[in-house]
Amino acid sequence: MKKKILASALCLAMMASLASCGGDKDADTSNKSGDASTGDVSIRWSWWGDTKRHELYNSIADKFEEKNPGIKVEREPNSWNDYWDKLSVQVAGGNAPDMMGMHVQYSSDYAGRGALLDLQPFVDDGTIDVSKVEQSVLDTGKMDGVFCMVPMAVTTASLITNKTLLDEYGIEYPAYNEDWTWDEFAAAGKKFKDATNGEIWFSNDWATGSTNNIRYWARIKGEEAFTPEGDIAWSEGTVAEWLTMWKELRDEGIIPDAATSNEDGTLALEQKIFTTRKCAMHNVPANQLYLYQEQMPDDEIILLRQPIGNDGSQGAIIEGAHWSISPKSSHQKEAAMLINFWTNDEDAVNIYKMDQGVPINNELASKITADLSESDTKCIEFVQSYMEVASAYTPAPIGASEIDTEVKNFGQAVGFGEMTPEQAAKDLTAKAKEITEKNKK
């Protein structure tokens, strides 16, 4: 089952890449790796996540150091927002981590800046073993034909849902493998708000989230967020509809007020309004199910699909994250060894299991099945079912991180009543076009 997911899903996640990777792919990287046998090689590994993920990845780094005594791993964990803010500054200053997480939302941005090393030489010399990974999976790590990213795993978007809360208040919802419309979502939210006397919100606020949310909505409306050439493809009207819908949900008390949503975006997982039972749903990747279930042992947490258009139009997308290496790294080979360890070491896979989704090593993915928790089993079933309707999309262009910031800023401006949805949509679209044009020069 996992092989089916891996072969079909990740090949969609990063198709139609826009930019080329950095680094001298024809150079001999061996002279940059240092001598691990001397015990003085230190590499920096950075990732995003919450407290639980930090614990897992620190354990993996410990295990890697144990099996590679000549290499020390300096860890740089951050929250999602802090990670990208910091990485942007590090890359600009020529001080990027040796091994770093990369997401499809920003991959074109960093590849376009020459910030991702060509990894094919390390595949060719056996440092990174890809023999147990589907070629279609590996192809998702190519930017403009250059293999510069190794997939961590595969996952999809989802609505993490507190089933216990919804059942307690008699709210109907679809099965994990069934669709529901935005009208049905809103109606369920209104019923939940009335049943709880407005004391518990139905969902978090997507309008103050990332560009991926607008991408999803644009696809429902028959559009894409970006063109293959790196231009803005969404229409002002589509964004205005999106912001208006969330304003109405906010005004009705179905989702939080802007101040609460703004604060929630900065909180650790264990402090979020969903985790503290102040809302019943949270829009996050499916692979995070186990994290929430661990934080909420007295509640049953499930996965639901994101709503579809009222006309039946689907906007589901594939999500995925990758590992990459900085061309500026002085220890590229050791960083490649760590990527290989993540991919092919059974101890490593047994530590992170489904943290990023289904592991890409088919053999090891099969081995962990018997040891998976109920949450991870649910995640596999959910991801497999969602692949039947999810599809590929055009990656974000250079400047994606700037656009993401503007999406959040304008979403918050509407939330705080500082702008109308129509004005915010107009100004956001203009600002996004300005960013893409600037980065083409």
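Everything that follows concerns the structure shown earlier in this document.
How each quantity is defined
Residues numbered from 1 in each chain as written. Predicted model: local features only at pLDDT ≥ 70, side-chain atom pairs only at ≥ 80, totals over all residues. Heavy atoms only, no water. Helix = DSSP H or I, 4+ residues; strand = E, 2+ residues; numbered from the N terminus. Rg over C-alpha atoms; globule rule 2.2 N^0.38 Å. Buried < 20%, exposed > 50% of the residue type's maximum accessible area, 1.4 Å probe, protein only. Contact = heavy atoms within 4.5 Å. Pairing = 2+ DSSP bridges. Axes fitted to C-alpha atoms, helices over the stretch in contact; angles between N-to-C directions. Right-handed = clockwise from strand over helix to strand, strands pointing away. Polar contact = N/O pair within 3.5 Å; in protein donor to acceptor, adjacent residues only side chain to side chain.

K.L.:
What should I look at first to understand the overall build of the protein in this one?
P.N.:
Helix and strand counts for the protein stand at 18 helices and 13 strands. Scaling as 2.2 N^0.38, a compact globule of 441 residues should have a C-alpha radius of gyration of about 22 Å, and the protein matches this with 21 Å. The C-alpha extent of the protein, read off along each of the three principal axes, is 65 × 50 × 35 Å. Put simply, the protein has 441 residues, and 58% of those count as buried. Residue pairs at least 24 apart in sequence account for 78% of intrachain contacts in the protein once pairs closer than 6 positions are excluded.

K.L.:
Any chance you could explain the sheet that holds strand E6 (residues 150-151) here in plain terms?
P.N.:
Two orientations exist for strands paired in a sheet by backbone hydrogen bonds: parallel and antiparallel. Reading across from one edge, E2-E1-E3-E12-E6 is the order of the 5 strands in this open sheet, with mixed pairing throughout. Edge positions in the sheet fall to strand E2 (71-78) and E6, since each of these pairs with one other strand and no more. Pairing geometry for strand E1 (residues 41-48) and strand E3 (residues 99-103), over 2 bridges, is parallel. By the bridge assignment for E3, Trp45 is matched with Met99. Packed onto the sheet, helix H3 (residues 80-92) meets E1, E2 and E3 and runs at close to 115° relative to E3.

K.L.:
Is there a simple way to think about the pairing of E2 in this case?
P.N.:
Every regular strand shows the same layout, with side chains that alternate between the two sheet faces. For E1 and E2, the ladder comprises 8 bridges, and the chain directions are parallel. Within E2, the position partnered with Ser46 by the bridge is Glu76. Note on the crossover from E1 through helix H2 (residues 51-67) to E2: the handedness is right-handed.

K.L.:
I tried to follow the environment of Gln356 on my own but got confused; where do I start?
P.N.:
With respect to the element layout, Gln356 can be found in the loop between helix H14 (346-352) and strand E13 (358-359). Considered as a pair, Gln356 and Gly399 are 43 residues apart in the sequence and their alpha carbons are 25 Å apart. If near-sequence neighbours (up to four positions away) are discounted, Gln356 is found in contact with Arg53, Tyr57, Met152, Ala153, Val154, Thr155, Asn287, Ala321 and Trp342. For Gln356, the side chain forms a polar contact with the side chain of Tyr57, separated by 3.1 Å.

K.L.:
Which parts of the structure should I look at to understand unusual backbone geometry?
P.N.:
Across residues other than glycine, the phi torsion is negative in most instances, and most of the peptide bonds are trans. The backbone of Asn197 sits at a positive phi, close to 55°, despite the residue not being glycine. Along the chain, Asn197 turns up in the loop between helix H8 (182-195) and strand E8 (201-203). Accessibility expressed as a relative area gives 65% for Asn197, which makes it exposed. The residue Arg277 is not glycine, and still its phi comes out positive at about 60°.

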